[in-house]
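These are the residues of each chain, in order.
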Amino acid sequence: MDRQTVIQTRIKKFQAKMEEAGLNLAVVSRSVNVFYFTDFNPLNFSMASYVLIPVKGEACLLLNAIRGPRSNELSGLRNIKLYGKWSDNPSVAKDAYEAIRIIGRSYQLGKLKIGSDLGSLTHTAYLKICEALEVKELTDIGGLIDDEKTIKDELAIDRMRKAAVIGNAGMDKMIAELRAGATEAAAVMEAKYTMQKVWLEKFSEYDVTGFGSPEASIQDMLTATCSSGVRTSYGAESARNIVPAKGDLVLPIIIAKLGGYSIENERSLYVDHLDDYRMKVFETVIEARENVFRAIRPGKTFAELYQEAKTVFERNGFGDFLPGRIGHGIGMTGHEHPSVAPAYKVPLQPGMVFTVEPGLMSAKFGGVRPSDTVLVTETGYELLTDTENGILKM
């Protein structure tokens, strides 16, 4: 698999979409979208990074000059331009907007209709890009880029399979530690260490960084957390230095990112025993999961998968606790388009990757929500997160 070829294929596919939309230049600014078209993560986002894509011609990665040496080593898009001043790194302009003006003019596109992923632009950046390119407005292309990322290519799938190897090892370790009597926080610490070791031994040619913001960079996205008791209904929670009590539900969570691509692995357990009501909750969730997995194949819609779980929940008396969705796309970010929800009548296609996590969660009884990451294949699906599952006891 040639990385530069993959990047050029992505760009050419997007240029065809631009032509259909009547756009002749795209100014890509969101960090994950810059990565999608370059396979480069600048790590520090305090100075803006862009990809400029003409409807015809060669795309360009535009970075602050301090990022020059690193991008020359690591970027899959080889046409790199720099702005600003840093050491002897060659620069085309004093700031990003002047550089955008110079590069935009070099494409000789005539009257411009320009698109940008507007959700990531500040109002000031929007106005300055418009001024630099002498246009009155920018068209939002965030949705067009999201559509391109929905079906994963060979590079993305390969990295997600490898991320799953790391994440599965972390989950196995966290469950083992919890069963041995560890606190939530101690089990999480051991899971993180296990993932770091697997990365070091098997996949250290890839980074495990995330996509940060102007406020902070994310150096490590081999992450874990755990909750127990009523906190399993919170949806998102930090681990505490407490031992789950007898009768508690427990929710360990792993998110592992490798080379820019994430997987999600969540499991539900109980400690020693459950009362009859919460055992019914657990059994209902497992039944709903089985229904959903039996339905996964190309042609089925995400809305139909949701209905498979909803039918079980309602039949078993849990209609008042229906989740808004029972899964979501996943890839460069932990939550991507589309959702496994009633409104998403999008048919499944080979190459799509999403989570399956029908759950029941309430402050009245806690939460049961095991989550798996699956890849749609020509005939069904491939389960990436294949750690122990079912009604798990501690």
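No experiment lies behind these values; they were computed from the predicted model shown. (Residues numbered from 1 in each chain as written. Predicted model: local features only at pLDDT ≥ 70, side-chain atom pairs only at ≥ 80, totals over all residues. Heavy atoms only, no water.)

Peer 1: Go over the nonpolar core with me, naming the residues and quoting the values.
Peer 2: Ranked by internal contacts, the top residues of the largest apolar core, which has 66 residues, are F37, V51, I53 and M174. Counting residues per element, this core draws most heavily on helix α7 (residues 154–179), at eleven residues. Residues in contact with V51, not counting those within four places in the same chain, are A26, V27, V28, V34, F37, T38, A59, C60, L61 and L77. (Core = buried A, V, L, I, M, F, W, Y, C linked by side-chain atoms within 4.5 Å. Buried < 20%, exposed > 50% of the residue type's maximum accessible area, 1.4 Å probe, protein only. Helix = DSSP H or I, 4+ residues; strand = E, 2+ residues; numbered from the N terminus. Contact = heavy atoms within 4.5 Å.)

Peer 1: Which residues make up the packing of helix α1 (residues 3–21) against α7, and what values do they have?
Peer 2: As a packed pair, α1 and α7 sit with axes 9 Å apart at the nearest point and diverge in direction by 125 degrees. By the angle between their directions, the pair α1 and α7 is classed as oblique. Two secondary-structure elements touch here, α1 through R3, V6 and R10 and α7 through L155, A156 and R159. Its residues placed into classes, the contact of α1 with α7 shows three nonpolar, no polar and three charged. (Axes fitted to C-alpha atoms, helices over the stretch in contact; angles between N-to-C directions. Parallel < 35°, antiparallel > 145°, perpendicular 65-115°, else oblique. Nonpolar A, V, L, I, M, F, W, Y, C, P; charged D, E, K, R; others polar.)

Peer 1: Break down the pattern of salt bridges for me, citing the residues and quoting the values.
Peer 2: Two side chains with opposite charge may pair up if their charged atoms get near one another. Applying the stated rule across the entire model yields 23 salt bridges. The shortest N-O distance in the salt bridge between E148 and K17 comes to 2.6 Å. With E148 in helix α6 (residues 142–150) and K17 in helix α1, this residue pair connects regions lying 131 residues apart in the sequence. Residue class for E148 comes out buried when judged on its relative accessible area of 6%. Of the charged contacts in the structure, one is a salt bridge between E382 and R161, with a shortest N-O distance of 2.8 Å. Of this pair, E382 sits in strand β17 (residues 381–383) while R161 sits in helix α7, placing them 221 residues apart in sequence. (Salt bridge = Lys/Arg side-chain N within 4 Å of Asp/Glu carboxyl O.)

Keep in mind that these numbers describe shape and distance, not what the molecule does.
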